[in-house]
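Residue-level structure breakdown
Each chain is listed here by its residues.
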Amino acid sequence: MISQKCVSTKASASFLLSRAVRRPPLPAMASSSPSRRWAHTVKVVLRENVDAKQGKGLAGEVVEVKAGYMRNYLYPLKKAVYATEYNLGRYARKEEE
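Residues numbered from 1 in each chain as written. Predicted model: local features only at pLDDT ≥ 70, side-chain atom pairs only at ≥ 80, totals over all residues. Heavy atoms only, no water.

**Focus: the packing of aromatic side chains**
We apply this condition: Working definition: a ring pair exists when centres of Phe, Tyr or Trp rings (six-membered ring for Trp) sit within 6.5 Å. Plane angles under 30 degrees give stacked, over 60 give edge-to-face, the rest tilted. For every residue, the accessible area (1.4 Å probe, protein chains only) is compared with the maximum for its type, and the residue is labelled buried under 20%, exposed over 50%, or partly exposed between those bounds. Sitting over a ring, as applied to charges here, requires NZ of Lys or CZ of Arg to be within 6 Å of the ring centre and within 35 degrees of the ring normal.
The final tally for this structure, using the stated rule, is two aromatic pairs. For the pair Y75 and Y82, a centre-to-centre distance of 5.7 Å together with 45 degrees between the ring planes defines the contact as tilted. The partly exposed category is assigned to Y75, whose relative accessible area is 46%. In this arrangement the basic side chain of K56 is found over the ring face of Y69, its NZ or CZ atom lying 5.3 Å from the centre.

**Details of the sheet that holds strand 1 (residues 41-46)**
The line we're drawing: Pairing between two strands requires that DSSP report at least two bridges joining them. A helix here means a DSSP run of H or I that spans at least four residues, while a strand means a run of E at least two residues long, and both kinds are numbered starting from the N terminus. The convention used is that axes are lines fitted to C-alpha atoms, helices contributing only their stretch in contact, and that angles between N-to-C directions extend from 0 to 180 degrees.
Read from one edge of the open sheet, three strands run 2-1-3, paired in antiparallel fashion. The open sheet is flanked by strand 2 (62-66) and strand 3 (80-82), the only strands paired with a single partner. Taken pair by pair, the neighbouring strands of this sheet meet at an average axis angle of 45 degrees, ignoring direction. Sheet topology note: the strand 1/strand 2 ladder contains five bridges and is antiparallel.

**Let's talk about the environment of K56**
Selection criterion: Here, residues are in contact when the closest pair of their heavy atoms is within 4.5 Å.
By the secondary structure assignment, K56 is in the loop between strand 1 and strand 2. Assessed through its relative accessible area of 28%, K56 is described here as partly exposed. Spatially, the C-alpha atoms of K56 and L46 are 9.1 Å apart, while their sequence positions differ by 10 residues. When residues no more than four places from it in sequence are discounted, the contact partners of K56 are L46, V50, D51, E61, V63, V65 and Y69.

**Focus: helix 3 (residues 67-74)**
The test is simple: Directions from the helix axis toward the C-beta atoms define the arc.
Among the residues making up helix 3, those that are buried are A67, M70 and L74. For helix 3, the angular spread of buried residues about the axis comes to 110 degrees, placing them on one side. Check the buried side of helix 3 and you find it contacts strand 1, strand 2 and strand 3.

**Comments concerning the nonpolar core**
The line we're drawing: The criterion is simple. A nonpolar core is a set of buried Ala, Val, Leu, Ile, Met, Phe, Trp, Tyr and Cys residues joined through side-chain atoms within 4.5 Å.
Within the largest apolar cluster, eight residues are counted, these being V44, L46, V50, V63, V65, M70, L74 and A80. Contributions of two or more residues to this core are made by strand 1, strand 2 and helix 3. Each residue touching V44, except ones within four places of it in the same chain, is listed here: E61, V62, V63, V65, M70, A80, V81, Y82 and A83.

**Focus: the pairing of strand 1**
Where strand 1 lies against strand 3, three bridges are found, and the strand directions are antiparallel. Within strand 3, the position partnered with V44 by the bridge is Y82.

**Some remarks on the side chain of N87**
Locating N87 in the fold gives a position in helix 4 (residues 85-91). When sequence neighbours within four positions are dropped, the list of residues in contact with N87 reads V45, V81, Y82 and A92.

**Describing the confidence of the model for the chain**
Rule in force here: pLDDT expresses how confident the predictor is about each individual residue, on a scale running from 0 to 100.
Confidence along the chain averages 75 in pLDDT terms, with 53% of residues attaining 70 or more. When mean pLDDT is taken per element in the chain, strand 3 scores highest with 93 and helix 2 (residues 34-37) scores lowest with 56.

Here it is, written out as structure tokens:
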């Protein structure tokens, strides 16, 4: 025999589910979502050749990479430095005329 407490719990749970607030569906996202459009990027000076297959760049070039890639990979391995005026003068490749 099912106890009265069990029946009332099941009944109240089904009542709550039937009365749950239904939110309208989210609008369809455009082809370029805002989170991708506003990705955080930084300019860096490469100290050595980086990811030839991905085309990041050669030593001495100033490139723009995602902030997380610089923070978590390039900077700890000393493959790049942030493109400040001091670092540009020190590491950037001079343009040949």
